[in-house]
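Observations on the model geometry
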Amino acid sequence: MEAPSFSSFAFCADRPLQEQLQQQLTDWIYTGRLSPGTRLPSSRRLAAELNISRNTVTIVLDQLKSEGFLEGIQGKGVFVAPDLPTDISGPSKVNWGHKGPLPELSEFGVYLNKTPLTEHGKILPFTPGIPDIASFPQKSWLQIQRRHQSRINLMGYDGNQGYGPLREALSEYLKLSRGVRCTPQQIIITQGAQQAISLCAQVLLNEGDSVLVENPGYMGARKAFLARRAKLISCPMGENGIDLDALQKNKNINARQPKLMYVTPTHQYPLGGILPASQRLKLLDWASQQHTWLIEDDYDSEFHYFHKPIAALQGMAEETPVIYMGSFSKTLFPALRLGYLVVPEPLAKVFIKAKSFMGGESPLLTQAVVADFIGEGHFIRHLRKMRLLYQDKWQHLNSLLNNELSEQVRPILQSAGMHLAIEIPNIDDQTLKQLFQQQGFGSSALSSYFNENPTMTGLVLGFANTTEHQREQGVAALKKILDIEDMRSI
Ligand SMILES: Cc1ncc(COP(=O)(O)O)c(C=O)c1O
């Protein structure tokens, strides 16, 4: 069969000719104007008919041959591949938008589709969770990075557990500074704390298992457990975090035999309570008796200002059911996406295997840079400097709130971390957050940290990434909003 005339092909000036010719030829094949077995004119004739160069035509015909749309037969010419189905619909016919029926999502995909997308968005002064990035020792970091950049052996694969020298440096640091009992063999490097929690959820939970979470608590942890289709139970809370006495007595919770409990005992997130040593020991006891895994998220305990950092729960006794996790998001910077798990030694292999299923290896060059950053003493120096800096910022923000907003606001005074939670009773804190954002400031609504039934409203203000001026401006803006707007009636 001979091809029809190509004189209706049209070309515009703003796209490469090659691309346009290829698209028009494939369109004709898709729509059946060039049916299977049709013989195309020679490249010379086609070029003359379309008034374009023969070279362009040859390149396009060769490309369509290699994709299987055309077939060249020695001595006979170029044909539309005879085995192409006649009812093909090309990409332009497939409705990838809302109109066409797409294959179905999984139940998890459907569930996610119904939940709002919560991205970090623009980082503003007071956005929680952001360290003082401007004070990061860029020079030392870049020096180490340059040193490693050209190392060929950092450009391939290494291992799912994480770079050996980083695990060694980290185990030394965790032993000395956080009281964690660990060897490098127990450490698994992860893509931030989020992957660490997700791995725990995958390895330790079955669908429908009960998981105890702090209420209020960390949304990222709740997400990871919900993704595993676990049932969340809110833990009774007291002044300093979880209320162990209430937990021990709660027959309802104990009868549900929680498989896992997520805790932030050395600095409760987001209210900041420090669980006293006696309570931490009781928690270990309770978990051992209940056969409940404890996931200890030690996300920012480096930053305690008026006493030494509180040692981790994990190191308080031997043979504990604790999985310890940490992240470099606060101690270095969030974009690193590096965190770590310390698991009981018999569990190391299963976690490494799980990581090979979920995300695979962590970036090797970054791990090597962090290893030397720790090993050469920059990490400890940086933490020491940040502790003093954040202490000043915390004190400044606290006194501003006390001086300017003492009537409306109650700072929840836990002298640690990188954020301050403030309680503003009976307000619509989501609206307050939005109004504050319109003035150029970030924050999180306190009510959004609750698993269920918020009992507090207010804001969580990250102060680490603010300047003195921004703190003053921010508190003034908050005062103005609270003075003008009747938040209770919104
Ligand atoms: C309680 C808690 N854990 C862990 C993290 C760190 O998460 P990632 O390492 O995924 O950045 C955060 C960050 O905000 C946090 O608030």
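It should be emphasised that the depicted structure is a prediction, and the values quoted were computed from it without experimental measurement. (Residues numbered from 1 in each chain as written. Predicted model: local features only at pLDDT ≥ 70, side-chain atom pairs only at ≥ 80, totals over all residues. Heavy atoms only, no water.)

Remarks on the side chain of Ser198
Looking at the secondary structure, you find Ser198 in helix α7 (residues 192-204). Beyond its immediate chain neighbours, meaning those up to four positions away, Ser198 contacts Ala224 and Met358. (Helix = DSSP H or I, 4+ residues; strand = E, 2+ residues; numbered from the N terminus. Contact = heavy atoms within 4.5 Å.)

Overview of the sheet that holds strand β10 (residues 293-297)
Reading across the sheet, the seven strands line up as β4-β12-β11-β10-β9-β5-β6 and stay open at both edges, with mixed pairing between neighbours. What marks the edges here is a single partner per strand, and that holds for β4 (187-190) and β6 (231-234). Averaged over all adjacent pairs, the angle separating strand axes in this sheet is 20 degrees, with direction ignored. Here four bridges tie β10 to strand β11 (residues 322-327), and the two strands are oriented parallel to one another. In the sheet register, Asp297 faces β11, and the bridge partner there is Met325. (Pairing = 2+ DSSP bridges. Axes fitted to C-alpha atoms, helices over the stretch in contact; angles between N-to-C directions.)

Some words on the domain arrangement of the protein
With domains assigned, the protein is organised as domain 1 (17-93), domain 2 (136-376) and domain 3 (381-489). Between the C-alpha centres of domain 1 and domain 2 the distance comes to 57 Å. (Domains from an automatic or database assignment.)

What to know about the nonpolar core
Judged by nonpolar contacts, the single largest core of 60 residues is most densely connected at Leu170, Leu174, Phe328, Leu332, Val370, Ile374 and Phe436. If one sorts the elements of this core by residue count, helix α15 (residues 378-404) sits on top with eight residues. Here this core spans two domains, since at least three of its residues come from each of domain 2 (136-376) and domain 3 (381-489). For Leu174, the residues in contact, after removing those within four places along its chain, are Gly179, Val180, Cys182, Ile187, Tyr324, Tyr340 and Val342. Among the nonpolar cores identified, the runner-up in size contains 27 residues, and Ala221, Ala224, Val343 and Ala354 belong to it. (Core = buried A, V, L, I, M, F, W, Y, C linked by side-chain atoms within 4.5 Å. Buried < 20%, exposed > 50% of the residue type's maximum accessible area, 1.4 Å probe, protein only.)

Digging into the sheet that holds strand β13 (residues 410-412)
Read across the open sheet, the four strands follow the order β13-β14-β16-β15; overall the sheet is antiparallel. Each end of this open sheet is capped by a strand with a single partner; those strands are β13 and β15 (444-445). Here strand β14 (residues 419-423) pairs with strand β16 (residues 458-462) via five bridges, running antiparallel. In the sheet register, Ala421 faces β16, and the bridge partner there is Val460. Docked against the sheet, α15 engages β13 and β14, running at close to 15 degrees with respect to β14. Of the strands in this sheet, β15 and β16 are in contact with helix α16 (residues 429-438), which crosses β16 at around 40 degrees.

Examining the packing of helix α6 (residues 164-178) against helix α14 (residues 364-375)
Axis angle and axis distance: for two packed helices, these are the angle between their axes and the distance between the axes, and together they describe the pair. Viewed as axis vectors pointing N to C, α6 and α14 meet at an angle of 35 degrees, and their least axial separation amounts to 8 Å. Considering how the two elements wind past one another, α6 and α14 form a crossing that is left-handed. In this structure, α6 uses Pro165, Leu166, Ala169, Leu170 and Tyr173 to contact α14, whose residues at the interface are Gln367, Val370, Ala371 and Ile374. Broken down by class, the residue content of the contact of α6 with α14 amounts to eight nonpolar, one polar and no charged. (Left-handed = near helix turned anticlockwise from the far one by under 90°. Nonpolar A, V, L, I, M, F, W, Y, C, P; charged D, E, K, R; others polar.)

Observations concerning the pattern of salt bridges
As enumerated under the stated definition, the model contains 15 salt bridges in all. Among the ionic pairs, Asp62 bridges to Lys65, the shortest N-O distance being 3.5 Å. Separated by three residues within a single helix, Asp62 and Lys65 lie in helix α3 (residues 54-66), roughly one turn from each other. Take Asp62: its relative accessible area is 42%, and that puts it in the partly exposed class. Glu376 is paired through a salt bridge with Arg147; the nearest N and O atoms lie 2.5 Å apart. Of this pair, Glu376 sits in the loop between α14 and α15 while Arg147 sits in helix α5 (residues 138-149); the two residues are 229 residues apart in sequence, bridging distant segments of the chain. Each of the salt bridges in this network shares a partner with another, and the network as a whole consists of Glu107, Glu207 and Arg229. (Salt bridge = Lys/Arg side-chain N within 4 Å of Asp/Glu carboxyl O.)

Concerning the state of the cysteines
Counting across every chain of the model gives zero disulfides. With no disulfide partner, Cys200 has as its closest neighbouring cysteine sulfur the one in Cys182, 15 Å distant. Cys200 gets classed as buried once you look at its relative accessible area, which sits at 0%. (Disulfide = S-S within 2.5 Å.)

Describing the packing of α16 against helix α17 (residues 468-484)
Where α16 meets α17, the axes come as close as 10 Å, and the angle between the chain directions of the two elements is 130 degrees. Of the possible angle classes, the one that applies to α16 and α17 is oblique. The handedness of the crossing between α16 and α17 is right-handed. Every residue of α17 that contacts α16 at Leu432, Leu435 and Phe436 is listed here: Gly474, Ala477, Leu478, Ile481 and Leu482. (Parallel < 35°, antiparallel > 145°, perpendicular 65-115°, else oblique.)

Quick look at the pairing of β16
Counting buried residues in β16 gives five out of five residues, a clear majority hidden from the surface. Burial of the side chains of β16 extends over both faces: Gly458, Val460 and Gly462 are buried on one face and Leu459 and Leu461 on the other. With two bridges connecting them, β15 and β16 associate as antiparallel partners. The partner of Ser444 across the bridge, within β16, is Val460.

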